[in-house]
Amino acid sequence: MSAPSTLRVVVDRDLCEGNARCVKVAPTVFRVDDEDRLEILLEAPPPELRDAVEQAIAVCPRQALRLADAT
Ligand code: SF4
(Lines give C-alpha, C1' and ligand atoms only; values in the text may rest on other atoms or scores of the structure.)
Protein backbone atom coordinates (compact mmCIF):
# COMPACT_ATOMS: atom_id res chain seq x y z
CA MET A 1 0.00 0.00 0.00
CA SER A 2 1.48 3.32 -1.00
CA ALA A 3 0.58 6.72 0.40
CA PRO A 4 -0.40 9.42 -2.06
CA SER A 5 2.68 11.33 -3.04
CA THR A 6 3.04 15.05 -2.70
CA LEU A 7 4.09 16.95 -5.78
CA ARG A 8 6.90 19.40 -5.66
CA VAL A 9 7.83 21.66 -8.55
CA VAL A 10 11.50 22.39 -9.07
CA VAL A 11 12.98 24.97 -11.43
CA ASP A 12 16.53 25.04 -12.68
CA ARG A 13 17.25 28.76 -12.61
CA ASP A 14 20.34 28.35 -14.76
CA LEU A 15 18.09 27.14 -17.57
CA CYS A 16 14.97 29.27 -17.09
CA GLU A 17 14.87 32.32 -19.33
CA GLY A 18 11.67 33.80 -17.93
CA ASN A 19 9.61 33.62 -21.10
CA ALA A 20 6.50 32.73 -19.09
CA ARG A 21 5.17 29.87 -21.20
CA CYS A 22 4.60 27.95 -17.98
CA VAL A 23 2.66 30.91 -16.57
CA LYS A 24 0.18 30.77 -19.45
CA VAL A 25 -0.51 27.10 -18.79
CA ALA A 26 -0.54 27.16 -14.98
CA PRO A 27 -0.97 30.73 -13.72
CA THR A 28 -1.84 29.64 -10.22
CA VAL A 29 1.49 27.84 -9.89
CA PHE A 30 3.93 30.08 -11.76
CA ARG A 31 4.51 33.80 -12.07
CA VAL A 32 7.18 35.85 -13.80
CA ASP A 33 8.12 39.13 -12.14
CA ASP A 34 9.10 42.44 -13.72
CA GLU A 35 12.66 41.23 -14.12
CA ASP A 36 11.63 38.04 -15.96
CA ARG A 37 12.41 35.99 -12.90
CA LEU A 38 10.26 32.95 -12.37
CA GLU A 39 8.45 32.66 -9.06
CA ILE A 40 6.86 29.42 -8.03
CA LEU A 41 3.69 30.38 -6.22
CA LEU A 42 2.81 26.84 -5.20
CA GLU A 43 5.87 24.71 -4.65
CA ALA A 44 3.68 21.82 -3.60
CA PRO A 45 0.64 22.09 -5.88
CA PRO A 46 -2.41 20.03 -5.01
CA PRO A 47 -3.08 16.89 -7.07
CA GLU A 48 -5.79 18.60 -9.11
CA LEU A 49 -3.13 20.88 -10.58
CA ARG A 50 -0.90 18.03 -11.63
CA ASP A 51 -2.11 18.07 -15.24
CA ALA A 52 -1.50 21.80 -15.53
CA VAL A 53 1.97 21.44 -14.02
CA GLU A 54 2.81 18.59 -16.39
CA GLN A 55 1.67 20.73 -19.32
CA ALA A 56 3.84 23.59 -18.09
CA ILE A 57 6.81 21.22 -17.94
CA ALA A 58 6.03 20.07 -21.48
CA VAL A 59 5.79 23.59 -22.95
CA CYS A 60 8.91 24.95 -21.27
CA PRO A 61 11.33 25.46 -24.17
CA ARG A 62 14.33 25.25 -21.82
CA GLN A 63 13.37 22.06 -19.97
CA ALA A 64 13.88 24.07 -16.80
CA LEU A 65 11.00 22.52 -14.85
CA ARG A 66 10.58 19.14 -13.30
CA LEU A 67 8.48 17.41 -10.73
CA ALA A 68 10.08 15.91 -7.68
CA ASP A 69 8.40 13.44 -5.41
CA ALA A 70 8.30 15.08 -2.02
CA THR A 71 7.34 12.01 -0.02
S1 SF4 B 1 8.47 28.18 -19.48
FE2 SF4 B 1 10.44 27.44 -18.70
S3 SF4 B 1 11.92 28.98 -19.33
FE4 SF4 B 1 9.89 29.89 -19.48
S5 SF4 B 1 9.55 30.92 -17.50
FE6 SF4 B 1 8.67 28.88 -17.36
S7 SF4 B 1 10.33 27.63 -16.48
FE8 SF4 B 1 11.26 29.49 -17.26
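Residues numbered from 1 in each chain as written. Predicted model: local features only at pLDDT ≥ 70, side-chain atom pairs only at ≥ 80, totals over all residues. Heavy atoms only, no water.

Which parts of the structure should I look at to understand the overall build of the chain?
Of regular secondary structure, the chain possesses two helices and four strands. Written out in order from the N terminus, the α and β elements of the chain read β-α-β-β-α-β. For 71 residues, the compact-globule estimate of 2.2 N^0.38 gives 11 Å, and the C-alpha radius of gyration of the chain, at 12 Å, lies within 12% of that figure. Its C-alpha atoms put the chain at 45 × 20 × 20 Å along the principal axes. Across the chain, contacts joining residues at least 24 apart in sequence account for 61% of those joining residues at least 6 apart. On the chain, roughly 4,900 Å² of surface is accessible, and the fraction owed to carbon and sulfur atoms is 47%. Separation of charge centres in the chain, based on 9 positive and 13 negative side chains, amounts to 2 Å. (Helix = DSSP H or I, 4+ residues; strand = E, 2+ residues; numbered from the N terminus. Rg over C-alpha atoms; globule rule 2.2 N^0.38 Å. Contact = heavy atoms within 4.5 Å. Areas by Shrake-Rupley, 256 points an atom, 1.4 Å probe, with all protein chains shown as cover. Lys, Arg positive; Asp, Glu negative; His and termini not counted. Charge placed at Lys NZ, Arg CZ, Asp CG, Glu CD.)

What is the right way to read the nonpolar core from this model?
Proteins that are soluble and globular tend to have nonpolar side chains buried together. Ranked by size, the top nonpolar core spans 17 residues in total, and within it Val9, Cys22, Val29, Phe30, Leu38 and Leu65 carry the most contacts. Sorting the residues of this core by element identifies β1 (7-11), α1 (21-25), β3 (38-40) and α2 (50-59) as the ones contributing at least two each. Tallying contributions element by element places α2 first for this core, with three residues. Not counting residues up to four positions away in its chain, the partners in contact with cysteine 22 are Phe30, Leu38, Ala56, Val59 and Leu65. (Core = buried A, V, L, I, M, F, W, Y, C linked by side-chain atoms within 4.5 Å. Buried < 20%, exposed > 50% of the residue type's maximum accessible area, 1.4 Å probe, protein only.)

I would appreciate a short explanation of the pattern of salt bridges in the present structure.
Side chains that differ in charge, positive against negative, can pair when their charged atoms come close. With the rule as written, the count across this model stands at three salt bridges. Note that arginine 31 is salt-bridged to glutamate 39, the shortest N-O span being 2.5 Å. Among the residues examined, glutamate 39 registers a relative accessible area of 33% and is labelled partly exposed. (Salt bridge = Lys/Arg side-chain N within 4 Å of Asp/Glu carboxyl O.)

Sorry, what's going on with unusual backbone geometry here?
If a residue is not glycine, its phi is most likely negative; likewise, a peptide bond is most likely trans. A positive phi angle is found at alanine 20, which is not glycine, with a value near 70°. When you line up the elements, alanine 20 lands in the loop between β1 and α1. Residue aspartate 36 is not a glycine yet carries a positive backbone phi of 60°. Turning to its location among the elements, aspartate 36 is positioned in the loop between β2 (30-32) and β3.

I tried to follow α2 on my own but got confused; where do I start?
An α-helix turns once every 3.6 residues. As a result, residues three or four positions apart point the same way. Turning to α2, its buried residues number three or more, namely Ala52, Val53 and Ala56. What you see down the axis of α2 is that its buried residues fit within an arc of 100°, all on one side. Every exposed residue of α2 that faces more than 90 degrees away from the buried side is listed here: Asp51 and Ala58. Where the residues of α2 are buried, they touch β1, α1, β2 and β4 (65-69). (Arc of directions from axis to C-beta.)

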